[in-house]
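# Coordinates in review
So you can see what is in the structure, the chains are spelled out below.
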Amino acid sequence: MGSFPPACPLCKGSRQILELSPVFDELPPLPSIAKMLPGVGYISPRPMCPKCNGMGTLREEEGVGEYPPPPVNGFDTETKPASISLSPDQQAAVDEILHWFSSTTKKRKSLAGFAGTGKTTIVGELLRRLKGHSIRVCAPTGKAASVLRHKGVDACTLHKLVYVPSTFCIRCEKTVQIVKGFDKKVRCPECKGSSIKTKWMRVPIIDADLVIVDEASMLNQSMVDDIESLTQKILYVGDHGQLEPIGADPRIMREPDIRLENIHRQAEHSGIIQLAHHVRVGSHPANWDGDHFEDARVCGITKLIPRVLDRFDVVLCGYNKTRKAINSAIRGFRGFADRLPELGERLICLQNDSDLGIFNGLLVTVIGKRPSYEYPRYDFLDDAGNEYLDITIHPDQFEEEKRLEFINKGIGLFDFGYCLTCHKSQGSEFDKVAVIEQIARAWDPARWRYTAITRAAKQIEYWMPMGRL
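### A look at the overall build of the chain
Helix and strand counts for the chain stand at 11 helices and 18 strands. For the chain, buried positions account for 51% of its 469 residues. Looking at the chain alone, contacts between residues at least 24 apart form 69% of all its contacts between residues at least 6 apart. Summed over all atoms, the accessible surface of the chain reaches about 22,500 Å², with 49% contributed by carbon and sulfur.

### Let's talk about the pairing of strand β17 (residues 430–436)
Residues in a regular strand project their side chains so that they alternate between the two faces of the sheet. The buried count for β17 comes to five of seven residues, which makes it a mostly enclosed element. Pairing between strand β10 (residues 314–317) and β17: three bridges, direction parallel. Within β17, the residue paired with Val315 across the bridge is Ala434. One ladder, built from six bridges, connects β17 with strand β18 (residues 456–465); its direction is parallel. Residue pairing across strands places Phe430 opposite Ala456, the latter belonging to β18. Taken together, β17, helix α11 (residues 445–453) and β18 constitute a β-α-β crossover, and its handedness is right-handed.

### Quick word on the nonpolar core
Grouped together as the largest cluster of nonpolar side chains are 33 residues, with contacts concentrated most on Val433, Val435, Trp448 and Ile460. Put simply, the parts of the chain that give this core at least two residues each are α7 (271–280), β10, β17, α11 and β18. Ranked by residue count, the leading element in this core is α7, at five residues. The contact partners of Trp448, leaving out residues within four places of it in the chain, are Leu243, Cys317, Gly318, Cys422, His423, Val435, Ile436, Glu437, Gln438, Ile439, Trp443 and Tyr462.

### Remarks on the sheet that holds strand β1 (residues 108–113)
Taken in spatial order, the six strands line up as β3-β2-β6-β7-β1-β8 in an open sheet, and their pairing is parallel. Unpaired on one side and paired on the other, β3 (156–157) and β8 (258–260) mark the two borders of the sheet. Packed on one face of the sheet, helix α2 (residues 119–129) meets β1, β2 (135–139), β6 (210–213), β7 (234–238) and β8 and runs near 155° to β7.

### Some words on the sheet that holds β17
Reading across the sheet, the five strands line up as β9-β18-β17-β10-β16 and stay open at both edges, with parallel pairing between neighbours. Where the open sheet ends on each side, the last strands, each with one partner, are β9 (296–301) and β16 (419–421). Averaged over all adjacent pairs, the angle separating strand axes in this sheet is 25°, with direction ignored. Judged from the six bridges that link them, β9 and β18 form a sheet pairing that is parallel.

### Brief notes about the pattern of salt bridges
Pairs can form between side chains of opposite charge once their charged atoms are near each other. By the definition in use, this model includes 21 salt bridges. Arg297 is the partner of Glu461 in a salt bridge, and the nearest nitrogen-oxygen pair spans 3.0 Å. Here Glu461, found in strand β18, pairs with Arg297, found in strand β9; they are 164 residues apart in sequence, far enough to count as distant. Judged by its relative accessible area of 45%, Arg297 is partly exposed. Asp444 serves as the salt-bridge partner of Arg447, at 4.0 Å between the closest nitrogen and oxygen. By relative accessible area, which is 17% here, Arg447 ends up buried.

### Thoughts on the environment of Gly410
Summarising the element assignment, Gly410 is placed in the loop between β14 (387–392) and β15 (414–416). Spatially, the C-alpha atom of Gly410 lies 7.1 Å from that of Thr392, the residues being 18 residues apart in sequence. Non-local contacts of Gly410, meaning those with residues more than four positions away in its chain, are made with Asp353, Leu356 and Thr392.

### So, unusual backbone geometry
Among all residues except glycine, the phi angle is most often negative; among peptide bonds, the trans geometry is most common. With a phi angle near 55°, Glu215 is a residue other than glycine that sits in the positive phi range. In this structure, Glu215 sits in the loop between β6 and α5 (221–228). Backbone geometry at Glu399 places phi at a positive 65°, although glycine is not the residue there. Structurally, Glu399 is set in the loop between β14 and β15.

### Section: the confidence of the model for the chain
Detailed reading of the predicted coordinates is not advisable wherever pLDDT falls low. The pLDDT averaged across the chain works out to 75; a share of 73% of its residues lies at or above 70. With pLDDT under 50 throughout, residues 1–6 is counted as low confidence; its partners more than four residues away or in other chains account for 10 contacts. Low pLDDT, under 50, characterises residues 14–82; the stretch is placed with 168 contacts to residues that sit more than four places away or in other chains.

### Side note on the packing of helix α1 (residues 88–103) against α2
Packing of α1 against α2 brings their axes to within 10 Å, and their N-to-C directions diverge by 45°. Accordingly, the angle class assigned to the pair α1 and α2 is oblique. Considering the relative orientation of α1 and α2, their crossing is right-handed. Only Thr121, Ile122, Glu125, Leu126 and Arg129 of α2 make contact with α1, whose side of the interface consists of Gln90, Gln91, Ala93, Val94, Asp95, Ile97 and Leu98.

### A short note on the packing of aromatic side chains
Under the counting rule described, the total for this entry stands at seven aromatic pairs. Judged by centre distance (5.8 Å) and plane angle (10°), the ring pair of Trp288 and Phe293 falls under stacked. Assessed through its relative accessible area of 14%, Trp288 is described here as buried. Aromatic side chains Tyr378 and Phe380 sit 6.0 Å apart centroid to centroid with 10° between the ring planes, which places their arrangement in the stacked category.

### Topic: α7
Of all 10 residues making up α7, eight are buried, and the element is well covered by its neighbours. By the burial criterion, the buried members of α7 are Gly271, Ile272, Ile273, Leu275, Ala276, His277, His278 and Val279. For α7, the N-terminal cap is Ser270; the gap from its side-chain oxygen to the backbone nitrogen of Ile272 is 3.3 Å. Downstream of α7 by a residue or two, Gly282 has a phi angle that is positive, lying close to 100°.

### Here's the deal with the pairing of strand β12 (residues 363–370)
The element β12 is extensively covered by neighbouring structure, given that seven of its eight residues are classed as buried. Bridge count between strand β11 (residues 346–349) and β12: three bridges; the pairing is antiparallel. Bridged to Ile348 within β12 is Leu363. Bridge analysis of β12 against strand β13 (residues 377–382) gives six bridges, and the strand direction is antiparallel.

Reading the values: the criteria
- Per chain, the residues get numbers from 1 upward, laid out in the order the sequence is written.
- Only residues with pLDDT of at least 70 get local features here, since the model is predicted, and only at 80 or more are side-chain atom pairs given and counted; chain-wide, interface and lining totals rely on the full set of residues.
- As a rule here, side-chain values cover all heavy atoms of the structure and leave hydrogens and water aside.
- Each helix corresponds to a stretch of at least 4 residues labelled H or I by DSSP, and each strand to a stretch of at least 2 residues labelled E; elements are numbered beginning at the N terminus.
- Buried residues are those whose accessible area, probed at 1.4 Å on protein chains only, stays under 20% of the maximum for their type, while exposed residues exceed 50% and partly exposed ones sit between those limits.
- Contacts are residue-level and defined by heavy atoms, with any inter-residue pair within 4.5 Å sufficient.
- Shrake-Rupley sampling with a 1.4 Å probe provides the accessible areas, and residues are treated as covered by the protein chains on show and by no other component.
- Strands were regarded as paired on the criterion that DSSP finds at least two bridges between them.
- Classification remark: right-handed applies to a crossover when, strands pointing away from the viewer, the course from the first strand over the helix to the second runs clockwise.
- Among the buried residues, those of types Ala, Val, Leu, Ile, Met, Phe, Trp, Tyr and Cys that are joined through side-chain atoms within 4.5 Å form a nonpolar core.
- Note on method: axes are straight lines fitted to C-alpha atoms, helices fitted across the in-contact stretch only, with angles between N-to-C directions ranging 0 to 180 degrees.
- Salt bridges, as used here, are contacts in which a Lys or Arg side-chain nitrogen is within 4 Å of a carboxyl oxygen on Asp or Glu.
- The pLDDT value tells you how sure the predictor is about a given residue, anywhere from 0 up to 100.
- An angle below 35 degrees is read as roughly parallel, one above 145 as roughly antiparallel, one from 65 to 115 as roughly perpendicular, and any other as oblique.
- By the definition used in this description, the sense in which the near helix is turned from the far one sets the handedness, with an anticlockwise turn below a right angle giving left-handed and a clockwise turn giving right-handed.
- To pair, rings of Phe, Tyr and Trp, with the six-membered ring standing in for Trp, must have centres within 6.5 Å; the planes then decide the type, stacked if under 30 degrees apart, edge-to-face if over 60, and tilted in the middle.
- Polar contact is the term for a pair of N or O atoms within 3.5 Å; when the atoms are in protein, one must be able to donate a hydrogen and the other to accept it, and sequence-neighboring residues count only if both atoms are side-chain atoms.

Here's what the structure looks like:
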């Protein structure tokens, strides 16, 4: 049994963790995955409180806001030095960006760099050098924003920067203060009605001297047009070795103003970085000589085993048929028997909906569930700590290979997120990643492999189906 977490912030009672029971055998070879045996329990990422029926999992501890307190000058002074030693190419990039910011009227600037070249270091140095200016840092996904915060850069999601929630009563159109907690009734203070709706409204302007957008390789033309219409100066930061964005490509990372291509010494000891750059130049993964690295491994597989799949934070593949099969296998191993999501499960959003405040690629954890006759409603928590309450979802989307079409606005499309396609994983980072190589002819193999491998922060296993080695 795992150790107990702190007391519930609402009822002050203890919260318990359910322990996983390893009871499963092997999984048939892909893509034909047979039905799985039911499990005995699961490990919830937000432990439940048995005393107040899990209500304590919906609130942050007292004194903590939407995000942790922002670091001083953009960096955590306990872990980062006040002055950063920059390499010549990094210093040149900083100088060029500062000159652009202070001396030109050009709205956009783009900084591209491969993994391990120090893009986040440059962002931190810019925040330090531009102290006194209003600067906002954002990323397309909650996971990417969370990674930036972990590295000491105060960041939010791009959606959070562009949209703000407005909750109102449908009957009398009065603004309503929402009360968190999925079993609490929210009523209008004027008419006492319960027909409450939250819409996310686009801000008229982003009040900042400079907006820095990380993971800019994910941005399509529509997203670029939106954010550039709201800003005075914008710096795009991304990796020009990754896959192209889904949708119209604005070519920001194809034709960047500044390129970083020198891997720094601290990255030379990373097997993940070395493997990523091995495949980036077109070399085959099977030819990589990385036996001395403990954080990266390339191996052949003939079958997939559920208990092995469950050791990783995410499994990446190429095809939706494989994604669907692996998600079903992991859910079966963890003991989730219902076809619809249960508490503690990870989901991925498949479609933008500005009214609901959700966007394509959003990764969330289920923290509340409200069954209904036709469309169930859920409460979610993303990696940046944002809550999405009372989201109506379409039940027919789960375990489907393709996204449903012609869905009314206000109904979210989600699927399980234990296994993702490489394209859907862009902008996210996970500690332990397994990659199943599946590359269609229409894709650039080097970019696909490089993007998949760089999703890992601490450990990568790159699996080659036997016959392809």
